[in-house]
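Coordinates in review
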Amino acid sequence: MAVVSEKGAARVNPSVPVPSLPPSERPPPDPAPAPPAGRIHVAAEGFSVFYADVEAVRSVTLAIPQGRVTAIIGPSGCGKSTLLRAINRMNDLIPGCRVSGRLTLDGEDVYGPQIDVTALRQRVGMVFQKPNPFPKSVFDNVAFGPRIHGIRGRSQLEAVVERSLRRAALWGEVQDRLHENALGLSGGQQQRLCIARALAVQPELLLMDEPTSALDPIAASRIEDLIDELRGEYTVIIVTHNMQQAARVSDLTAFMYMGELVEFDATSRLFTSPAQARTQDYITGRFG
Ligand SMILES: Nc1ncnc2c1ncn2[C@@H]1O[C@H](COP(=O)(O)OP(=O)(O)O)[C@@H](O)[C@H]1O
Ligand SMILES: [Mg+2]
């Protein structure tokens, strides 16, 4: 199944063989997966997450590069959300949930004794499947985090709100409605507002758990465009059960199955020449 967009393939791997070349002039097939280029932002080593006795994430090892978009795909219940939530310790809120192995952010142990969980969640923002703005004004939604972090001055707050809304590609649509209730916005606008709210505290990393699955196709495509614009400046990890979406927006893709990481590679390669039979079966729709 050719699900990798031209754009995605070109961006990730400009040396993808061009079909029109005669075989003798085609570049040789890529060697074994190269480690991702650039600084590693999030690394898991033998990392597991348990709900009571159930091991929902099983000894996952992977290294997610800074400034890139990484997609996590796999059938429902395979542990995608659990792995994502582990990165900013949202799992802490679930009784009976525990982890083993190692998970690091910029080399620092996320579950180490010295970690400040509030500061961690400021560094690692999260956007959920269903837009969840507070029942407050557009302005107050975006200003919420900065106020908690001690920004009080009106003009400073206004600057943060405008910058965040622009970054989330929403400013033009809401600049005249800043003091209206955010719940009056459309679903797609609410989701971009939630992204603006996450960006307002200047995170390094954004976790997105199926951020478009509650949206219509046009609103979803605006979110995909926005993810593309955030690339480079932020590390984005997006869980999606939509393989076309993973192929369109991500540089790297992780395929999970029953709690295990089956394969992690450049998106262009994972969707065109996966190394594992289970990946091949999943991307060709044989299960899932
Ligand atoms: N809060 C929870 N308590 C107990 N089990 C859970 C909880 N959340 C998820 N699980 C279980 O962990 C496994 C992985 O779930 P999840 O991470 O939500 O998968 P996915 O996001 O891939 O659909 C599933 O078997 C699910 O039933
Ligand atoms: Mg999930």
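Scroll up for the structure.
Residues numbered from 1 in each chain as written. Chains lettered and ligands numbered in written order. Predicted model: local features only at pLDDT ≥ 70, side-chain atom pairs only at ≥ 80, totals over all residues.

**Quick notes on the nonpolar core**
Ranked by size, the top nonpolar core spans 72 residues in total, and within it I72, A196, L206, L207, V236 and I238 carry the most contacts. Counting residues per element, this core draws most heavily on helix α7 (residues 187-199), which supplies 6 residues. Leave out the neighbours within four places in its chain, and I238 touches V69, A71, M208, P211, I227, V249 and S250. (Core = buried A, V, L, I, M, F, W, Y, C linked by C-beta atoms within 7 Å. Buried ≥ 20, exposed ≤ 12 C-beta atoms within 10 Å, placed from the backbone. Helix = DSSP H or I, 4+ residues; strand = E, 2+ residues; numbered from the N terminus. Contact = placed C-beta atoms within 7 Å.)

**Considerations on the site of ligand 1**
If you check the shell around ligand 1, you find Y51, A56, G74, S76, G77, C78, G79, K80, S81, T82 and I94 and nothing else. Examining the composition of the shell around ligand 1, we find that 3 residues originate from one element, helix α2 (residues 80-87), more than from any other. The residue makeup of the shell around ligand 1, split by class, is 4 nonpolar, 6 polar and 1 charged. (Near = placed C-beta within 6 Å. Nonpolar A, V, L, I, M, F, W, Y, C, P; charged D, E, K, R; others polar.)

**Focus on the environment of G101**
Note that G101 resides in strand β4 (residues 97-105). In this structure G101 comes out as partly exposed when scored by C-beta crowding, with 16 C-beta atoms within 10 Å. Along the chain, G101 and V49 lie 52 residues apart, while their C-alpha atoms are 8.9 Å from each other. For G101, the contacting residues outside a window of four places in its chain are A44, E45, G46, F47, S48 and S59.

**Some remarks on the environment of A246**
Relative to the helices and strands, A246 resides in helix α9 (residues 243-249). Using a count of 28 C-beta atoms within 10 Å as the deciding quantity, one classes A246 as buried. Note: C-alpha distance between A246 and I72 (174 residues apart in sequence) is 7.9 Å.

**Some thoughts on the pairing of strand β1 (residues 40-51)**
When β1 meets strand β2 (residues 54-65), the two strands line up antiparallel, connected through 8 bridges. Each bridged residue has a counterpart across the sheet, and for I40 the counterpart in β2 is P65. Between the end of β1 and the start of β2, which pair antiparallel, lie 2 residues, with A52 showing a positive phi angle near 50°. Pairing analysis gives 8 bridges linking β1 to β4, with the strands arranged antiparallel. (Pairing = 2+ DSSP bridges.)

**Some words on the sheet that holds strand β9 (residues 252-257)**
What the 6 strands build is an open sheet, ordered β6-β7-β8-β3-β9-β10; its pairing is mixed. Either end of the sheet is taken by a strand with one partner, and the two such strands are β6 (124-127) and β10 (260-266). Looking at each pair of strands side by side, their axes are set apart by 15° on average, direction ignored. (Axes fitted to C-alpha atoms, helices over the stretch in contact; angles between N-to-C directions.)

**Quick word on the pairing of strand β3 (residues 69-73)**
Looking down a regular strand, the side chains alternate between one sheet face and the other. With 5 of its 5 residues buried, β3 lies for the most part within the structure. What you see with β3 is no split at all: V69, A71 and I73 on one side and T70 and I72 on the other are buried throughout. Relative to strand β8 (residues 235-239), β3 is paired through 4 bridges, and the arrangement is parallel. Paired with T70 across the bridge in β8 is I237. In this sheet, β9 lies alongside β3 in parallel orientation, the contact comprising 4 bridges. For T70, the partnering residue across the bridge sits in β9 and is L252.

**A short note on α2**
Among the 8 residues in α2, 8 count as buried, and that is most of the element. Taken from the residues just after α2, R89 is the one with a positive phi, measuring 60°.

**Focus: the sheet that holds β2**
The strand order β2-β1-β4-β5 describes an open sheet built from 4 strands, whose pairing is antiparallel. With partners counted over all chains shown, the strands left at the sheet margins are β2 and β5 (108-109), one partner each. Across the face of the sheet, α2 comes into contact with β1, β2 and β4 while running at roughly 60° to β2.

Note that all results are geometric; they support no functional claim without further evidence.
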